[in-house]
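Survey of secondary and tertiary structure
Single-letter residue listing:
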Amino acid sequence: MLKDLDKHPAAEEKSGLKAEMKELRLHMTGLQEQIKEKKLPIIVLVEGWAAAGKGTLINELISEIDPRFYKVVSTVFTPNTEARYPFLYPYASAIPENGKILFMDGGWMEDAVRKYLRREITENQYRDRLREINEFERQLRDAGYLLLKIFCHITKKEQTRRLENLLDHPETEWRVTDDDLWQHREYDAFYEAYDKFMDRTGGTIKWYVMDGSRRRQAARDALRLLTGKIDKALSRERYVGKPFDESFPLIKMTKLSEVDLSPTIEDKAYKKELKELQGKLSRLHNMIYRKRIPVVLCYEGWDAAGKGGNIRRVAYPLDPRGFDVIPIASPLPHELARQYLWRFWTKVPRSGHVAIFDRTWYGRVMVERLEGFCTEDDWKRAYNEINEFERCLTDWGAVVLKFWIHIDQETQLERFTARQNTPEKQWKITEEDWRNREKWPQYEEAIDEMLKKTSTENAPWYIIESNDKKYARIKVLRILVKALETAVEEHLKRDLK
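First, a word on what this report is: a plain description of the structure on this page.

Each value, and the rule that gives it
- Residues numbered from 1 in each chain as written.
- Predicted model: local features only at pLDDT ≥ 70, side-chain atom pairs only at ≥ 80, totals over all residues.
- Heavy atoms only, no water.
- Helix = DSSP H or I, 4+ residues; strand = E, 2+ residues; numbered from the N terminus.
- Buried < 20%, exposed > 50% of the residue type's maximum accessible area, 1.4 Å probe, protein only.
- Contact = heavy atoms within 4.5 Å.
- Areas by Shrake-Rupley, 256 points an atom, 1.4 Å probe, with all protein chains shown as cover.
- Lys, Arg positive; Asp, Glu negative; His and termini not counted.
- Charge placed at Lys NZ, Arg CZ, Asp CG, Glu CD.
- Pairing = 2+ DSSP bridges.
- Axes fitted to C-alpha atoms, helices over the stretch in contact; angles between N-to-C directions.
- Patch = residues over 30% accessible without salt bridge, like charges linked within 9 Å, V, L, I, M, F, W, Y side chains within 5 Å.
- Salt bridge = Lys/Arg side-chain N within 4 Å of Asp/Glu carboxyl O.
- Polar contact = N/O pair within 3.5 Å; in protein donor to acceptor, adjacent residues only side chain to side chain.
- Left-handed = near helix turned anticlockwise from the far one by under 90°.
- Nonpolar A, V, L, I, M, F, W, Y, C, P; charged D, E, K, R; others polar.

Glancing now at the overall build of the chain. Helix and strand counts for the chain come out as 20 helices and ten strands. For the C-alpha atoms alone, the extent of the chain along its principal axes is close to 85 × 55 × 40 Å. Per-residue burial for the chain yields a buried fraction of 52% across its 497 residues. Contacts in the chain between residues at least 24 apart in sequence constitute 85% of all its contacts with a sequence separation of at least 6. Summed over its atoms, the accessible surface of the chain is roughly 24,600 Å², and 50% of this surface lies on carbon and sulfur atoms. Distance from the positive charge centre (87 side chains) to the negative charge centre (83 side chains) of the chain: 2 Å.

Next comes the structure, spelled out in structure tokens:
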């Protein structure tokens, strides 16, 4: 892609460029209300060489846009040794609401390429990041986002001239970083890496290369491209991706109707093992903090199955500075206005910390599916999107465990009735709980499909028999302690190599 631009097409007349830029800016001004009315979310990713004019180009693009309609984000590159979140975290957390535009001054391309060339990540890790980028971009497209990817290109000779000019003036020398100078020294390696990156990530969303040596032409081309893409998006129905299946290593799951709910534990044995397991968990929490192992625990289950009490027994031995319990309710307006995984990306724990989700992203394929809060294509597509999201977490090094807290209908009715008749517990029972109970067969069918399609080897589901709440608590603690012991052992083995 880059070789074609190295030939430098002839410069255009300034008068013609000026007139067209004026027209395009006026057109962009007129598009703002339509973008808002149609609730079209837009992301403009501007990548390119140091000193290629990325900031200038973005400034030209936003010059006539009302500041309330857009946000500009400039990526700060964090070395892998200091990163506390997954690779995609800063980008997935920044996506705009419907009807708004995000301009990114650098992003996932520069982040991945720099770390690869610095050998902060291996060849396999780089390949995983390319896959994650393609998945992320496809998920955005399938959710109706307009994503425009621009690369600002200049030759090494032109970069030399611009960097020297910046360094020659005290008021601009601060803009040249050590990373910029390193990129310049390794221009040929970056050239090849950028070219291959665009080739390997241009299948779903195309890359557009702008000639940064002619800034006004590049700005005109980018503005022409942006307004054209917006016009096209506004002229049709919002794009919704179709479901498709990707091959994930799945664990065979038992149907809920076939689960034996009779296991119990005696009170004396429960108290003894609870104390032992919580003691182990407390020690393991210190170890995962030191080893920077992130942990994500996902709780789903029937109403009144005992999720809250189970979570309390897990949280009790943990250092309160190192974990968060995240209750998930119906999405708020600003959450509904983004791709549905956004609100979960923003709650991913730092490395070494524990995030306990009381309800999760699986609402997409249960409540949202059955109550009609999303389209059939949306929830069918979500199985694959969720598996991809969880694979991002486990590739990062997170321990991801998912618990379905299971009871039968008779036990649920007993617990509902007890809540209804106990004043201090009445807040726990709502009309919605009773209404959902009437849809038990539909929910059971949806849950069986969810377990079947999303219990992967890297992020497995565990069905927790909870007719006896104490048994359920012990079973979860056993699974958690074993998983953390395994994770710590694996880290110790890597440290010894």
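Past the structure itself, the notes keep going.
Moving on: the sheet that holds strand β5 (residues 207-211). The sheet built from five strands is open, its strands ordered β2-β3-β1-β4-β5 with parallel pairing. Of all strands in the sheet, those bounded by a partner on one side alone are β2 (70-74) and β5. On average, adjacent strands in this sheet sit at an angle of 20 degrees to one another, irrespective of strand direction. Sheet analysis places strand β1 (residues 42-48) next to strand β4 (residues 146-153), joined by seven bridges and oriented parallel. What sits directly across from Ile-43, in β4, is Leu-147. Against the sheet, helix α5 (residues 108-117) touches β1, β3 (101-105), β4 and β5, its axis set at about 35 degrees to β1.

Attention shifts here to a positive patch on the surface. Taken together, the side chains of Lys-14, Lys-18, Lys-22 and Arg-216 define a basic patch exposed on the protein surface. If you tally residues by element for the positive patch, the top one is helix α2 (residues 14-38), at three residues. Inspection of the secondary structure assignment puts Arg-216 in helix α10 (residues 215-234).

Here we take up the environment of Ala-337. By the element assignment, Ala-337 lies in the loop between α13 (333-336) and α14 (342-345). You can call Ala-337 buried: its relative accessible area is 13%. Each residue touching Ala-337, except ones within four places of it in the same chain, is listed here: Pro-96, Glu-97, Asn-98 and Tyr-145.

What follows covers the pairing of β4. Remark: a regular strand shows side chains that alternate across the two faces of the sheet. Across the eight residues of β4, eight count as buried, placing the element largely inside the fold. Both faces of β4 are covered, namely the face carrying Leu-146, Leu-148, Ile-150 and Cys-152 and the face carrying Leu-147, Lys-149, Phe-151 and His-153. For β4 and β5, the ladder comprises five bridges, and the chain directions are parallel. Residue pairing for β5: Phe-151 is matched across the bridge by Val-209.

So, on to the side chain of Asn-310. Residue placement: Asn-310 occurs in helix α12 (residues 307-315). At 2.9 Å, the side chain of Asn-310 forms a polar contact with the side chain of Tyr-299. Within the structure, Asn-310 has its side chain in polar contact with the backbone oxygen of Ala-472 (distance 3.4 Å). Residues contacting Asn-310, with those up to four places away along its chain left out, are Tyr-299, Ile-405, Ala-472, Arg-473 and Val-476.

Moving on to the packing of helix α6 (residues 123-142) against helix α16 (residues 376-396). Two elements in contact, α6 and α16, have axes separated by 11 Å at closest approach and are oriented at 145 degrees. Judged by the twist between their axes, the crossing of α6 over α16 is left-handed. Across from Asp-128, Arg-131, Glu-132, Glu-135, Arg-138, Gln-139 and Asp-142 in α6, the residues of α16 making contact are Arg-381, Asn-384, Glu-385, Glu-388, Arg-391, Cys-392 and Asp-395. Residues that form the contact of α6 with α16 fall into these classes: one nonpolar, two polar and eleven charged.

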